[in-house]
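# Observations on chain architecture
The lines below spell out each chain.
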Amino acid sequence: MKELIEKIKAAYPEFVANADAQAEKGTKAAGLRARKAALEMIKDLKEFRKLSVEAGK
């Protein structure tokens, strides 16, 4: 589970940087990168939730 948490931590700054670039500068490519990072984070967060629920039982 620690590896998954580290993966989420690593993906978040990339998402924030690209989302900010899209919002502030209107960079279309940054928006694409932000959406891609968000999709990966969603997958990882769902996996984290699954593992967390199992560990709590």
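Data block above holds the structure.
Let me sum up the structure you'll find in this document. (Residues numbered from 1 in each chain as written. Predicted model: local features only at pLDDT ≥ 70, side-chain atom pairs only at ≥ 80, totals over all residues. Heavy atoms only, no water.)

### A closer look at the overall build of the protein
Per the secondary structure count, the protein includes two helices and zero strands. Here the C-alpha radius of gyration of the protein, 14 Å, is well above what a compact globule of 57 residues would show, namely 10 Å. A principal-axis box enclosing the C-alpha atoms of the protein has dimensions of 45 × 15 × 10 Å. Residue burial in the protein is summarised as follows: out of 57 residues, 19% are buried. Here the protein displays about 4600 Å² of accessible surface, and carbon together with sulfur accounts for 59% of that area. (Helix = DSSP H or I, 4+ residues; strand = E, 2+ residues; numbered from the N terminus. Rg over C-alpha atoms; globule rule 2.2 N^0.38 Å. Buried < 20%, exposed > 50% of the residue type's maximum accessible area, 1.4 Å probe, protein only. Areas by Shrake-Rupley, 256 points an atom, 1.4 Å probe, with all protein chains shown as cover.)

### Some points on the side chain of Asn-18
Along the chain, Asn-18 turns up in helix α1 (residues 2-25). Here the side chain of Asn-18 touches Arg-33 through a polar contact of 3.0 Å, side chain to side chain. (Polar contact = N/O pair within 3.5 Å; in protein donor to acceptor, adjacent residues only side chain to side chain.)

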